[in-house]
Amino acid sequence: MITVATHGHCFDGLCSAVAFTHLLRTMRGGDLAFEYFGAGYGPGQNGVDPSKLRGDDNAILDFRFSRSEKLTWYFDHHVSAFATPEERTAYDAYVAAHPDEKTRQMFHDGSYGSCTKYIADVGARVFGVSFEGLSELVRWADIIDSAAFPNAEMAVARKEPALQLMTVIEHHGDDAMLSRMVKRLLVEPLEAVATSEEVGKAFAPLQKGSSEFVDLVRKHAVTRGDAVLVDLSDGILDVATKFVTYALFPESLYSIVLTRSQSKCKLSIGYNPWSPRPRTHNIAAICERFGGGGHAVVGAVSLLASDIARAKQIATEVTAELSEPAKIT
C-alpha cells in the first residue's frame, strides 16, 4: 500500500497525486494500491500527522516536509515547506547523503510554479518516465497554481472546464472526492472529468455564490496605498473566489482578504500577478510570522473561528506592511 498525503482542497494537490501515482506505477508496475488523504493548513496544523503515514511507502506532496522516519517520498514547491529549522536540516542531510538524484526520493524546489509540473519534470529527467498522457493536466495545474492567466477576468469568470473543476475541488475536495478524482484523472482526459455531470452539478451553486462574493468584495474593499484590504469576517462565507480584488482593483499591488467559516478565520494574501510593478515583499515570510505559509507571491494564515479579533489585527498589520514598498536594510 502506498499512502499519499497531498495538499487538500487544492487543484495542484489533486494533480500532484495523479502525477505521483503515474510515476510510481510506471516505475514499479501498474498493480500498486494507493490511498490518498488531504493535508491542510488549518489552525494549529504544522504538518502531516505521522500516524497517518501507514503505508509500505508514504509520500507527502505539495505540502510541508516531515522528519518522520515513515516518509519515503517527498515533492514540494512551497518556499515555506519547512516549518522548523529541524525539518530543513533533516531534508538537507537527506539530499547530502544522496548526491546522485537517481538514488533520491525526496525533492524540493521553491522556484516551481506548481508541484505537479515539478513531479513531471523530475519524473522525466531523473527517472525517465513520460507524462505525455497527462500533459493537459500538468499544463493546467501550472497555470492555476502560478496564476499564469492572461488576465484577472479569466480567473474570476472561470468559463474553462479546468477552472470549474478547480473550484469544485477547492470547496468539496474531501478525501473521498480526492481519491475518486485521482482514479478518474489517471484514465480519463482532464476535459472529460471537468465537464462530467458530477463536476457540473457541484459547480452550479458555487458559480452563483461567486457572483455574490464579487459584490461583497466591491462593497467591503478598502485601499491602503499599494494594498487592498477586504474584511468579510463579520459573516460566515462558504464561497470565496480568488483574484476578485485584482479584477476590481487592477492598479493594486497586494490583496489581503479576511474570511470566516464555521471552523476558521482565513487570511488570503497575494501579489497581483498582472501588475506592471514589481513585488517588493516576500508574502510567504510574512505569513510564516503568523503561523501560515505559502509562496513568495501568495500565502495564507488560518486561525480558529473564535480568534476573530486576532485575525482582524493581523489583517491590519499585514495591510500596513504591504501598503508601502519594503524597506531595504
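The coordinates are above.
Criteria and thresholds
- Residues numbered from 1 in each chain as written.
- Predicted model: local features only at pLDDT ≥ 70, side-chain atom pairs only at ≥ 80, totals over all residues.
- Heavy atoms only, no water.
- Buried < 20%, exposed > 50% of the residue type's maximum accessible area, 1.4 Å probe, protein only.
- Helix = DSSP H or I, 4+ residues; strand = E, 2+ residues; numbered from the N terminus.
- Pairing = 2+ DSSP bridges.
- Core = buried A, V, L, I, M, F, W, Y, C linked by side-chain atoms within 4.5 Å.
- Expected span 1.5 Å × (residues − 1).
- Bend = angle between axes of the 7 residues up to and from the residue.
- Lys, Arg positive; Asp, Glu negative; His and termini not counted.
- Salt bridge = Lys/Arg side-chain N within 4 Å of Asp/Glu carboxyl O.
- Polar contact = N/O pair within 3.5 Å; in protein donor to acceptor, adjacent residues only side chain to side chain.
- Contact = heavy atoms within 4.5 Å.

Draft legend 1. Local environment of the pairing of strand S8 (residues 254–260). Most of S8 sits inside the fold, with 6 of its 7 residues counted as buried. Two elements, strand S7 (residues 227–231) and S8, share 5 bridges in a ladder whose sense is parallel. Note on S8: the bridge partner recorded for Val-230 is Val-257.

Draft legend 2. Up close: the nonpolar core. With 68 residues, the main nonpolar core has Val-4, Phe-11, Phe-20, Phe-75 and Leu-165 as its most contacted residues. A total of 9 residues in this core trace back to one element, the largest contributor, which is helix H1 (residues 11–28). Ranked by size, the runner-up nonpolar core spans 21 residues in total, among them Cys-265, Phe-290, Leu-303 and Val-318.

Draft legend 3. Examining helix H9 (residues 197–220) more closely. Across its 24 residues, H9 extends 35 Å between first and last C-alpha, which sits within 8% of the 34 Å expected from 1.5 Å per residue. Largest kink in H9: about 30°, centred on Phe-203, with the proline Pro-205 one to four residues after it. For H9, every residue scored as buried is listed here: Val-199, Ala-202, Phe-203, Leu-206, Gly-209, Ser-210, Phe-213, Val-214 and Val-217.

Draft legend 4. Seen up close, unusual backbone geometry. Not every positive phi belongs to a glycine, and Asp-62 is a case in point at roughly 55°. If you trace the backbone, Asp-62 turns up in the loop between strand S3 (57–61) and strand S4 (73–76). Overall, the relative accessible area of 0% leaves Asp-62 in the buried class. Even without being a glycine, Phe-243 presents a positive backbone phi close to 75°. For Phe-243, the location among the structural elements is in the loop between S7 and helix H10 (244–248).

Draft legend 5. Representation of the side chain of Asp-76 in the model. Here Asp-76 is to be found in strand S4. For the buried Asp-76, no salt bridge exists, and the shortest N-O distance to an oppositely charged side chain is 7.7 Å, to Arg-64. Among the polar contacts made by the side chain of Asp-76, one reaches the side chain of His-78 at a distance of 2.8 Å. Ignoring anything within four residues of it in the chain, the contact list for Asp-76 reads Asp-62, Phe-63, Ala-81, Phe-107, His-108, Asp-109, Cys-115 and Tyr-118.

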